[in-house]
Every structure is written in structure tokens, then in C-alpha cells.
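Working through the structure, step by step
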Amino acid sequence: KAGVTQTPRYLIKTRGQQVTLSCSPISGHRSVSWYQQTPGQGLQFLFEYFSETQRNKGNFPGRFSGRQFSNSRSEMNVSTLELGDSALYLCASSLAGQGTTDTQYFGPGTRLTVL
Amino acid sequence: ILNVEQSPQSLHVQEGDSTNFTCSFPSSNFYALHWYRWETAKSPEALFVMTLNGDEKKKGRISATLNTKEGYSYLYIKGSQPEDSATYLCAFRGSGYALNFGKGTSLLVTP
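A quick note: this is a predicted structure, and the numbers were derived from the prediction, not measured.

**Some points on the overall build of chain A**
- Scanning chain A from terminus to terminus reveals zero helices and eleven strands.
- For 115 residues, the compact-globule estimate of 2.2 N^0.38 gives 13 Å, and the C-alpha radius of gyration of chain A, at 13 Å, lies within 12% of that figure.
- When its C-alpha atoms are laid out on the principal axes, chain A stretches across 35 × 30 × 25 Å.
- For chain A, the residues scored as buried account for 50% of the 115 residues in total.
- In chain A, of all internal contacts separated by at least 6 residues, the share reaching a separation of at least 24 is 56%.
- Distance between charge centres in chain A, computed from 11 positive and 6 negative side chains, equals 5 Å.

**Here's the deal with the sheet that holds strand E7 (residues 62-67) of chain B**
Residue and element names in this part refer to chain B.
- One open sheet accounts for five strands, arranged E1-E3-E8-E7-E6; its pairing is antiparallel. The sheet is open, and its two borders are formed by strand E1 (5-7) and strand E6 (56-59), each paired with just one other strand. For this sheet, the mean angle separating the axes of adjacent strands, direction not counted, is 15°.
- Here E1 runs beside strand E3 (residues 19-24); their pairing, made up of three bridges, is antiparallel. Its bridge partner being in E3, Ser-7 is matched across the sheet by Thr-22.

**Describing the interface of chain A and chain B**
- If you look at the interface, chain A gives 22 residues, while chain B gives 20 residues.
- At the boundary of chain A with chain B, total buried surface from both sides reaches about 1600 Å², with 60% on carbon and sulfur atoms.
- At the boundary of chain A with chain B, the tally comes to zero salt bridges.
- For the side of chain A that touches chain B, the secondary-structure elements that each account for two or more residues are strand E4 (31-37) and strand E9 (87-94) of chain A.
- Considering only residue class, the side of chain A that touches chain B consists of seven nonpolar, 14 polar and one charged.

**Description of the state of the cysteines**
Residue and element names in this part refer to chain A.
- If you walk through the whole model with that rule in mind, you get two disulfides over all chains.
- With a sulfur-sulfur separation of 1.9 Å, Cys-23 is cross-linked through a disulfide to Cys-91. Between Cys-23 and Cys-91, the disulfide has an S-S torsion of 70° and is therefore right-handed. Of the two residues, Cys-23 sits in strand E3 (residues 19-24) while Cys-91 sits in strand E9, which places them 68 residues apart along the sequence.
- Under the relative-accessibility criterion, Cys-91 is labelled buried at 0%.

**Some thoughts on the nonpolar core**
Residues and elements named next belong to chain B.
- In terms of nonpolar packing, the biggest core is built from 22 residues, with Leu-33, Trp-35, Phe-48, Leu-75 and Tyr-88 touching the most fellow members.
- Elements supplying a minimum of two residues to this core: E3, strand E4 (30-38), strand E5 (45-50), E7, strand E8 (72-77), strand E9 (86-94) and strand E11 (105-110).
- The element contributing the most residues to this core is E9, with four residues.
- Excluding its chain neighbours within four sequence positions, the residues that come into contact with Tyr-88 are Gln-6, Phe-21, Tyr-36, Arg-37, Leu-47, Leu-75, Ile-77, Gly-104, Thr-105 and Leu-107.

**Quick look at the sheet that holds strand E1 (residues 5-7) of chain A**
Residue and element names in this part refer to chain A.
- Here four strands make up an open sheet; going across it, the order is E1-E3-E8-E7 and the pairing antiparallel. For this open sheet the edge positions go to E1 and strand E7 (64-68), each flanked by a neighbour on one side alone. Put simply, the sheet's adjacent strands are angled 20° from each other on average, direction ignored.
- Of the pairings in the sheet, the one linking E1 to E3 comprises three bridges and is antiparallel in character. When the sheet's bridge partners are listed, Thr-5 is paired in E3 with Ser-24.

**Some remarks on the packing of aromatic side chains**
- Summed over all chains, the structure comprises 14 aromatic pairs over all chains.
- Residues Tyr35(A) and Phe101(B) carry aromatic rings whose centres are separated by 5.4 Å and whose planes lie at 85° to one another, so their mutual orientation is edge-to-face. Remark: Phe101(B) occurs in strand E10 (residues 99-101) and Tyr35(A) occurs in strand E4; the pair is interchain, linking two chains.
- Judged by relative accessible area, Phe101(B) falls into the buried class, the value being 8%.
- What links up through ring pairs into an aromatic cluster is the set Tyr35(A), Phe45(A), Phe106(A), Tyr36(B) and Phe101(B).
- Across from the ring centre of Phe50(A), 4.2 Å away, lies the NZ or CZ of Arg55(A), which sits over that ring.

Cut-offs applied
Residues numbered from 1 in each chain as written. Chains lettered and ligands numbered in written order. Predicted model: local features only at pLDDT ≥ 70, side-chain atom pairs only at ≥ 80, totals over all residues. Heavy atoms only, no water. Helix = DSSP H or I, 4+ residues; strand = E, 2+ residues; numbered from the N terminus. Rg over C-alpha atoms; globule rule 2.2 N^0.38 Å. Buried < 20%, exposed > 50% of the residue type's maximum accessible area, 1.4 Å probe, protein only. Contact = heavy atoms within 4.5 Å. Lys, Arg positive; Asp, Glu negative; His and termini not counted. Charge placed at Lys NZ, Arg CZ, Asp CG, Glu CD. Pairing = 2+ DSSP bridges. Axes fitted to C-alpha atoms, helices over the stretch in contact; angles between N-to-C directions. Buried area = accessible area lost by both parts, 1.4 Å probe. Salt bridge = Lys/Arg side-chain N within 4 Å of Asp/Glu carboxyl O. Nonpolar A, V, L, I, M, F, W, Y, C, P; charged D, E, K, R; others polar. Disulfide = S-S within 2.5 Å. Core = buried A, V, L, I, M, F, W, Y, C linked by side-chain atoms within 4.5 Å. Phe/Tyr/Trp six-rings, centres within 6.5 Å; stacked < 30°, edge-to-face > 60°. Lys NZ or Arg CZ within 6 Å of the ring centre and 35° of its normal.

Structure (C-alpha cells):
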């Protein structure tokens, strides 16, 4: 079974631009969660989508948004990029998602650099 | 945001040494505790999901225990090998359901 894939793997943007990251979950998984990791910080939860609906949201500004498609693939969008948005963005998929004891399977991440 | 603390922040041991790390989390509204191993340039890999007080899990030379009443979990590695070098993350799930990660313990095992 193919693992979680994320595209692109690396991205360089400038302040003020917007960016869209993509995540394809493991086949059959309906939940996709997004996390941000910055230097010195643990993984910070952004949001979770399940069956095309946002089910949980972390403490991030409205510039961070996402969506999920009927095939469970998910995209994350960051508008008006700031230098502090430079980070590794990870997505994780699971069968039934948060609120269960399902294991989350992580993708390799997208490294975003904002100049 | 729930406070999940991991200690030590980093650890350097010799091949063959046994070692352990600690994860501290809120003792109220406990739902589950996850452990992950994250090797450089790879995806975080799930090790254990623990739900019951007193749980003990084992996978090869790695084992974990859980104390939900006092809010801690230990991860043990017996006879460390260089391939065990990685960052070990714990994540707490409370009633809010989102996974709250600690900052990890970075382990380096040298031959």
C-alpha cells in the first residue's frame, strides 16, 4: 500500500505571496491532519479534515486554510505569507481520524521557505 | 494548547547502552498517548498508541509504559544500536481530540 505523499517537497516563496500544499492520504483513509514544525518547536496542529469537512482546528490565523476533496486528498493554503511561516508542513492520514485511537501515518513533509 | 513535555531534550549513548526518555502530559481528560520515531529526512513512524493506565507496549528492543494518573509515559530502548538514532516524539490526545506533540528527544547512538 502506498504511503502518504506530499507535493511539492520543497518550496521557496516571498513575503505576501500565497502557497498551496497538497497531501494524498493512504488509500482508504478518510482523515487528513496538517501540522507545522518550526525550529525549536514541536509539531503544531493546524487542522483536520474528515469526509470533506473540517473537524478540528488549531490555533492558527485565518491565513491558513484547507480543504479536502471527495477522494480524501487534501490541500492546505497559506495566504499573505510571512517570514515566520517558513517551516516544515506535515500531513498525516488515518482511517477514522482524531477522536479515535487510530494511528496517524505521516507524509515526508513540504519544506516551505519564505524570503 | 496542552503542555506536553519531553526529557531529556537530547541524548548521546554508546552502542549497547540501554536508555529511556520521559513524556509528561496533563493527567486530566486523558484519551490516548502516541509515540513516534522520526529519523532525519524520513516521515515520523508510529511506534505505539497507549490508552489505559498501566499499559505496557513492546516492539523489538523498544518498550513503553503509561501512567495516566500522574501524567507520564516512559520509552525504553534496550541495547541501543546506531540505527536507533532518531528523534522520539510523544503526542497526547485529550478530550479535545487533537494530537498535542512534545518537542521530542533527539537520540544519537555511536558505535
